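A closer look at the structure
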Amino acid sequence: MSLKKNKTTNLSNFTPKGKLGALFAQARAFNRLNDQLSTLLPEAFKTLSLCALKDEVATFVTHNQAVAFRAQKQQDILLNIVKNLDDLSDVQKIIVKVDLVEY
């Protein structure tokens, strides 16, 4: 009987190599940024989640259409909050998308 079958792996320390490793690193970075943003965002925007950064554009996603509408109308406030973080200081535009769950 092999001992490897009974050994548990701590997945929080798991770091794959290659493209999958890059995706893991990117997911960890977005999780860290979302944790920082959650302390800065007003209560009305708490359901927003940063999901992409590309060409000085930050894309947020939410499941709530009302929050998305409100965030689009108050982009200047959201942009100022985002620029308070050092990693996001170069962001010039905010996009808010709604992720509708289909059943």
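Structure: above.
This section reports on the structure supplied with the text. (Residues numbered from 1 in each chain as written. Predicted model: local features only at pLDDT ≥ 70, side-chain atom pairs only at ≥ 80, totals over all residues. Heavy atoms only, no water.)

A word on the overall build of the chain. A count of helices and strands for the chain gives three helices and three strands. Element order for the chain, N to C, with α for helix and β for strand: α-β-β-α-α-β. Within the chain, the fraction of its 103 residues that count as buried is 26%. Partitioning the contacts of the chain with sequence separation of at least 6, the portion at a separation of at least 24 is 49%. (Helix = DSSP H or I, 4+ residues; strand = E, 2+ residues; numbered from the N terminus. Buried < 20%, exposed > 50% of the residue type's maximum accessible area, 1.4 Å probe, protein only. Contact = heavy atoms within 4.5 Å.)

Core analysis: the biggest nonpolar cluster contains 21 residues, and L37, L48, L50, F60, L78, L88 and I94 have the highest contact counts within it. Here the element with the most residues in this core is helix 3 (residues 75-83); it accounts for four residues. In contact with I94, other than residues within four places in its own chain, are A58, F60, Q75, L78, L79 and V82. (Core = buried A, V, L, I, M, F, W, Y, C linked by side-chain atoms within 4.5 Å.)

A separate point is the sheet that holds strand 2 (residues 57-62). Judged by pairing direction, the sheet is mixed, and its three strands sit side by side in the order 1-2-3 without closing on themselves. Where the open sheet ends on each side, the last strands, each with one partner, are strand 1 (49-54) and strand 3 (93-98). The average angle at which neighbouring strand axes cross in this sheet is 25°, direction not considered. Contacting strand 1 and strand 2, helix 1 (residues 18-40) crosses the sheet at an angle of about 125° to strand 1. (Pairing = 2+ DSSP bridges. Axes fitted to C-alpha atoms, helices over the stretch in contact; angles between N-to-C directions.)

So, about the side chain of T62. Examined against the element boundaries, T62 turns out to sit in strand 2. Beyond its immediate sequence surroundings of up to four residues, T62 is in contact with T47, L48, V67, A68, K97, V98 and D99.

Take the pairing of strand 1 next. Here strand 1 runs beside strand 2; their pairing, made up of five bridges, is antiparallel. From the neighbouring strand, L50 faces strand 2, where its bridge partner is F60. The turn joining strand 1 and strand 2, which pair antiparallel and follow one another in sequence, is formed by two residues; a positive phi near 50° is taken by D55.

This part covers the side chain of T59. Along the chain, T59 turns up in strand 2. In this view, T59 contacts S49, L50, C51, A52, I95 and K97; residues no more than four positions away in its chain are not counted.

Those residues of helix 2 (residues 65-73) that sit buried are V67, A68 and A71. Down the axis of helix 2, the smallest arc covering the buried residues is 100°, so these residues share one side. Among the exposed residues of helix 2, those oriented more than 90 degrees off its buried face are Q65, F69 and K73. (Arc of directions from axis to C-beta.)

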